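Each chain, written out:
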Amino acid sequence: SQVERVEREQPAKRPKGAGGSTMEDGVRAGAARGVPQRINAGASKAPVKKMTISLKKERPKLPETFEEDTWQKLQLSVRAVHDEKPVEQSFEELYKAVEDLCIHKLGQNLYARLAEECEQHIKKQVAALVSQASDPVEFLDVVEACWNTHSEQMSLIRSIFLYLDRTYVIQSCNVVSLWAMGLQLFRKHFESVPEVQRKVIAGILALVHRERKGDMVNRALLRNLLRMHTSLQIYPQFEGAFLEATETFYHEEGNAMMNQLDVPSYLLYVERRLEEEGERVGHYLDPQTRKPLIVKLDEQLLEMHAEAIISKGLETLMADNRVKDLKRLYTLIARVNGLHHIKVAFSAYVKRAGLEIVTNEERQLEMVQDLLNLKAKVDVLLEEALDGNEALAHALKDAFEALINVKQVSGNAQNKPAEAIAKFVDLQLRSGGKGASEVELEAVLDRVLTLFRYIQGKDVFEAFFKKDLAKRLLLNKSASVDAEKSMISKLKQECGSSFTNKLEGMFKDMELSRDVMTAYADSSVKKQSSGESEIAVHVLTTGYWPAYPPAPLKLPKELLDHQEAFEKFYLSKHQGRRLTWQNSLAHCWMKASFRPGSHGRKELLVSLYQASILLLFNSTDSLTLTEISEAVGMDKKDLVVTLQSLACGKTKILAKNPKGREVVDTDEFLFNSKFDSKQLRIKVNSIQLKETQEENDKTTESVFQDRQYQVDAAVVRVMKARKTLSHTLLISELFKQLKFPVTPADLKKRIESLIEREYLERDKDSPSTYTYLA
């Protein structure tokens, strides 16, 4: 109650005035309005009285049994909920009762009493589970029913005690909500009975095992029970047992499947199992289990068998070009950091497949095309199936470089890939890619250039390419000058101008030769020359072109006059120069009359050797081998080959008596007047222009002659650093430093040469040891 005190000085009474109010009335009115009143100074003073106004409100008192009576009413409702019976009071009445207790500061007692009541009931319910079904799977239904009942009852109780939950619980520290209180109590008593917990986990694991075996299970049951574990914060206990069971299951099944299935089928099995376990997490497992669960699968199904999967499957999948299966293998093995194993097997496959191509003697002519096909195939697999992995791309490069430069083969076969690549380029540029367009030809040359990059002994390629380019230019067999220049431009970008300097010089010689022939045609020397025949000359710079062996030949007078006339003209323009005629590279167009009439007249494209022999038959119809040899003065071997091309080939301009392929001194050759062909212009194959193994060996030998300086420099460099070294160690060190293939015998020759020139000396006590001489 509140007491207000108002004290005022009260004057003596006076008679009523016109206003009809006394002084006392005026004071009271003024006090009521809160306006002070003025007292006349001249008025007589009266005794001062104090007036006290007291306003008291009595606090209502609660009945002594209020709390107990209210709790009795609430307790009956809680027990009715637990017993699953109707609640007698209305929820509004129960809610008001809880509110009254909380308003009168009795919330703490109410909370404690409610917790005790719930604990008694939960303890009884959990204890009742012990005597339930012994089968773990059947036991799960009982536990689920118990949990669902508890959840429904706690939800109903919370709605009755909602005011308590929203006032006392919120305002108090270290007090959990009614729902959380129910969970804590359930967990407390659930954990107090380990037998129940073990049976629940065992039942869940049994259902998961059945599902993994292909049986249908109640996923809703599993989902509810595992959510119960999560709500009670005991899920980690289940997760540990679940992961252990998963590891055991897939360890056994993985071993069995590896023995039963081939690699593609096993990978499909692993992929299917990963999807199933992912779905299992989505259906009833806690999301946090996904990561450790997948780790277990990766360990048991992939990591343990990674090497076996790769060794058994990678090579087969690549050989059969099975892109999808290979991509699946790469994706799965990458999950367990198995890229190193893939890289090793990938490199080994490329090396093995490439070496089979390089060392296959029966398909030497198709070597480059086979290598290009292998490279294209592996490139597609690398891009589409292996995700363009950079480490694998480097492994592919190293593998091709190793197989193209392999040194295990003996003799000149070490240079075969470089030689074959040069021959392949010659075939493409000579035939124009067999009818391919310019774009397709460029694409082929770019692919060949990829193989060229892997070659360490590029000087071998240069030697054969230069020799073939010379023939294409001199015999006019190049399909496209633009393609030729494009190829040289590519080589220049790869190896620098020093590599293509001579090749570019060959083209300059051809252009200068055309200018020289134009000037010769207008010269007085040309006009003074007699005869109906004409001559076209290519003037070649010795340093640019391959070295050709001398080819002796007695030219017919018609041709000899032209040579002398041109030589006179050229030397008059370029003093101090010397011309050497390369008869082996010359060719002629000849007009031949086999019979009277137009049908007997033909034009023949022949070599200078063939032309010299055919012109002999203008004065006679038959000649022996000896007579022809004396007339033309050719080397015996070249003469035999040339006669075979004229008399024993497809185009028989001459007849041989006796018939046969072999040519001896007593054989007689006659002009074949019966020769006939539907074509007006006939090309007679020049057998002597076809390359022989001897010519290839000579080219290779010339390359090694150029390499001698590099070998000598390497030997001196090694010995200068080591001072003293045994023969075996020196050879081993030279193999490491030299980038081109070389045999130990060749190295030994260079070492002997350096000893003779006093760069090295043999140790007096150990002849197999060399000492560097400063």
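A brief report on the enclosed structure follows. (Residues numbered from 1 in each chain as written. Predicted model: local features only at pLDDT ≥ 70, side-chain atom pairs only at ≥ 80, totals over all residues. Heavy atoms only, no water.)

With that settled, the discussion passes to the nonpolar core. One finds Phe161, Phe346, Phe400, Phe461 and Phe465 to be the most contacted residues of the largest nonpolar core, which totals 148 residues. When residues no more than four places from it in sequence are discounted, the contact partners of Phe161 are Leu74, Val78, Val98, Leu110, Leu114 and Leu178. One finds Ala611, Ile653, Phe669 and Ile682 within the second-largest nonpolar core, a separate group that totals 33 residues. (Core = buried A, V, L, I, M, F, W, Y, C linked by side-chain atoms within 4.5 Å. Buried < 20%, exposed > 50% of the residue type's maximum accessible area, 1.4 Å probe, protein only. Contact = heavy atoms within 4.5 Å.)

Here we have 3 strands laid out as an open sheet, ordered S7-S9-S8, and antiparallel in their pairing. In the strand order of this sheet, the two ends are held by strand S7 (724-726) and strand S8 (760-762), each with one partner. Here the strands of the sheet are splayed against their neighbours by 30° on average, with no regard to which way each runs. Note: S7 against strand S9 (residues 769-772), 3 bridges, orientation antiparallel. Its bridge partner being in S9, Thr724 is matched across the sheet by Thr771. (Pairing = 2+ DSSP bridges. Helix = DSSP H or I, 4+ residues; strand = E, 2+ residues; numbered from the N terminus. Axes fitted to C-alpha atoms, helices over the stretch in contact; angles between N-to-C directions.)

Strand order across the open sheet formed by 3 strands is S3-S5-S4, with antiparallel pairing between neighbours. Of all strands in the sheet, those with a lone pairing partner are strand S3 (622-624) and strand S4 (654-657), marking the two edges. Looking at each pair of strands side by side, their axes are set apart by 25° on average, direction ignored. Pairing of S4 with strand S5 (residues 668-671), which is carried by 4 bridges, proceeds in the antiparallel orientation. From the neighbouring strand, Ala655 faces S5, where its bridge partner is Leu670. Across the sheet, helix H28 (residues 636-647) is in contact with S4 and S5; its angle to S4 comes to roughly 110°.

Taken as a whole, this structure holds 19 aromatic pairs when the rule is applied. Ring geometry for Phe452 and Phe461: centres 4.7 Å apart, planes at 55°, overall tilted. Classification of Phe452 by relative accessible area gives buried; the value is 1%. Over the aromatic face of Phe452 sits the side chain of Lys458, whose NZ or CZ is 5.3 Å from the ring centroid. Lying across the ring of Trp589, Arg681 places its NZ or CZ 5.2 Å from the centre. (Phe/Tyr/Trp six-rings, centres within 6.5 Å; stacked < 30°, edge-to-face > 60°. Lys NZ or Arg CZ within 6 Å of the ring centre and 35° of its normal.)

Enumeration according to the criterion identifies 40 salt bridges in this entry. In this structure, Glu117 engages Arg79 in a salt bridge whose closest nitrogen and oxygen atoms are separated by 2.8 Å. With Glu117 in helix H4 (residues 107-128) and Arg79 in helix H2 (residues 66-82), the pair connects residues that are 38 residues apart, well separated along the chain. Judged by relative accessible area, which is 40%, Arg79 ranks as partly exposed. Among the salt bridges present, the one from Asp325 reaches Arg328, with a minimum N-O distance of 2.9 Å. On the criterion of helical spacing, the pair formed by Asp325 and Arg328 is a turn pair, its members being 3 residues apart in helix H15 (residues 323-335). Accessibility assignment for this pair places Asp325 and Arg328 in one class, buried. If you follow the salt bridges from partner to partner, you end up with Glu211, Arg212, Arg219, Glu277 and Arg280 in one network. (Salt bridge = Lys/Arg side-chain N within 4 Å of Asp/Glu carboxyl O.)

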